[in-house]
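Descriptive analysis of the structure
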2 protein chains.
Amino acid sequence: MNFPSKILEKAVEEISGLPGIGKKSAVRLALYLLKQPQSQGIVLGEAIKKLVSDIKYCKVCHNFSDEEICEICAHHNRHDELLCVVEDVRDVMAIEKTGQYYGKYLVLGGKLSPMEGIGPQQLRIESLMQKVENGLVKEVIFALSATMEGDTTVYYLYKKMKHLPLNFSIIARGISVGDELEYADEVSLGRSIRNRQTYDGAS
Amino acid sequence: MNFPSKILEKAVEEISGLPGIGKKSAVRLALYLLKQPQSQGIVLGEAIKKLVSDIKYCKVCHNFSDEEICEICAHHNRHDELLCVVEDVRDVMAIEKTGQYYGKYLVLGGKLSPMEGIGPQQLRIESLMQKVENGLVKEVIFALSATMEGDTTVYYLYKKMKHLPLNFSIIARGISVGDELEYADEVSLGRSIRNRQTYDGAS
Ligand SMILES: [Zn+2]
Ligand SMILES: [Zn+2]
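What counts and what doesn't
- Residues numbered from 1 in each chain as written.
- Chains lettered and ligands numbered in written order.
- Predicted model: local features only at pLDDT ≥ 70, side-chain atom pairs only at ≥ 80, totals over all residues.
- Heavy atoms only, no water.
- pLDDT = per-residue confidence, 0-100.
- Donors = N, O, S within 2.8 Å, 3.2 Å for Na, K, Ca; no water.
- Tetrahedral: all angles 85-135°; square planar, octahedral: opposite > 155°, others 65-115°.
- Helix = DSSP H or I, 4+ residues; strand = E, 2+ residues; numbered from the N terminus.
- Buried < 20%, exposed > 50% of the residue type's maximum accessible area, 1.4 Å probe, protein only.
- Salt bridge = Lys/Arg side-chain N within 4 Å of Asp/Glu carboxyl O.
- Contact = heavy atoms within 4.5 Å.
- Buried area = accessible area lost by both parts, 1.4 Å probe.
- Nonpolar A, V, L, I, M, F, W, Y, C, P; charged D, E, K, R; others polar.

1. Some details on the confidence of the model for chain A
On average, residues of chain A carry a pLDDT of 88, and 91% of them reach 70 or more. Reported for the predicted complex are a pTM of 0.70 and an ipTM of 0.72.

Listed below in structure tokens is the structure:
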């Protein structure tokens, strides 16, 4: 592509560096921004800069946060005896959206996947152990993807924690087997966390 | 969606304001940026801000430009006697990419479309007339979309200019009838501008 402007070329180059956005789409997006009120591009650019500069990770649960400790961990009405283990921040957002859960979270940062080179070292298992060893947690709820890797991870974590005085549960498979959690619809996901089942490493 | 961070929420809101990017994709893009080196988001944000703040339109041809007059208009090796009329800046980029054209351009800013409320007033016809009345232009090449609206626009412009001592041509319909110009492949588009045909308002 021959660009009439280095400024345009640079913007297109950076926009097309995003996943799923090819060069043609990037040109379209850039030209779209040029047709909108200037403020839209200014605000967008500023929001992206602020996103990567100012966002923090909660020191307790590894959720994103604007403070050291996230809103959920800091909230006095959230039940400390419930700890929901999820793979990803998106899963926290998905579960929060259902309005069916009032406990705390632990964001693992992924699931065990030898294929992708993700072993226990890559997950926040130390944070999880700290959390469950503090004596406040009574029930660990596994809310991982209903895939083989999700199941393997659940089993691995269960074995690490089963010596502790904890109840374990796993969200009901109202979500179809094979589903990635984050794609589940809100209602099914809400139902499946409400109907969570005791987990004993055997199911 | 319940966002764990106002900063994330704002970024997602702004990203999903772009056409073709829904809220889910915006979340994905934001989380992607958070996983990349911080510099990528900074550079992207800055490039977008600069795009909408600093880009100019060439005073002569209405192409985008970093200066008052664009590189093409300012280039002493580009032939002043050829003037290629296109709808859009993307079309300039597409034709430049073929490497088959060495003249100048005039970016109309669209095509006549009563359906979309685009009449002659919305197009840069005044700039076109100024350009062709300066005595340097010998041939006007119509490179508009091969659609009914494109054809109507060509005919309208031809009638406005036919009293002038100009040759008129239209890019060969190597591109399929009904094609939007900007989707044409590079080779076909290059061939069609090389094989442009004389236009007399009758074809
Ligand atoms: Zn937290
Ligand atoms: Zn120009």
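2. Some details on the coordination of the zinc ion (ligand 1)
Residues and elements named next belong to chain A. For the zinc ion (ligand 1), the protein coordination sphere consists of Cys-58 (SG), Cys-61 (SG), Cys-70 (SG) and Cys-73 (SG), at 2.2 to 2.4 Å. Its four donor atoms give the zinc ion (ligand 1) angles of 103 to 117° at the centre, a pattern that matches the tetrahedral case. Between consecutive donor residues of the zinc ion (ligand 1), the sequence gaps follow C-x2-C-x8-C-x2-C. Remark: Cys-73 occurs in helix α4 (residues 71-74) and Cys-58 occurs in the loop between β1 (56-57) and β2 (64-65); sequence separation between them is 15 residues. For the residue pair Cys-58 and Cys-73, the accessibility class agrees, reading buried in each case.

3. Comments concerning the coordination of the zinc ion (ligand 2)
Residue and element names in this part refer to chain B. The coordination sphere of the zinc ion (ligand 2), as far as protein atoms go, consists of Cys-58 (SG), Cys-61 (SG), Cys-70 (SG) and Cys-73 (SG), spread over 2.2 to 2.3 Å. One way to put it: the four donor atoms around the zinc ion (ligand 2) meet at angles of 104 to 117°, and that makes the site tetrahedral. Each donor residue of the zinc ion (ligand 2) belongs to the same chain, and together they define the spacing C-x2-C-x8-C-x2-C. Residue Cys-61 is found in the loop between β1 (56-57) and β2 (64-65), and its partner Cys-73 is found in helix α4 (residues 71-74); the two are separated by 12 residues along the sequence. Here Cys-61 falls in the buried class, since its relative accessible area comes to 2%.

4. Details of the pattern of salt bridges
Residue and element names in this part refer to chain A. Summed over the entire model, instances satisfying the criterion amount to 17 salt bridges over all chains. Here Glu-87 and Lys-111 are joined by a salt bridge, their closest N and O atoms 3.3 Å apart. Linking Glu-87 in the loop between β3 (79-86) and α5 (89-98) with Lys-111 in the loop between β4 (103-107) and α6 (125-132), this pair joins segments that are 24 residues apart in sequence. In this structure, Glu-87 and Lys-111 share a single accessibility class: buried.

5. Re the interface of chain A and chain B
On the chain B side, the residues contacting the 57 residues of chain A number 57 residues. When chain A packs against chain B, close to 5,600 Å² is buried across both sides, 68% of that on carbon and sulfur atoms. Of all residues in chain A, Pro-4, Ile-7 and Met-93 of chain A give up the largest surface area on contact with chain B, accounting jointly for 12% of the area buried on that side. Lys-49 of chain A is the salt-bridge partner of Glu-46 of chain B, the closest N and O atoms lying 2.4 Å from each other. Mapped onto the side of chain A that touches chain B, the elements with two or more residues apiece are α1 (6-15), α2 (23-35), α3 (38-54), β2 and α5 of chain A. No other element matches the 16 residues that α3 of chain A contributes to the side of chain A that touches chain B. Of the residues in the side of chain A that touches chain B, the class split is 30 nonpolar, 10 polar and 17 charged.

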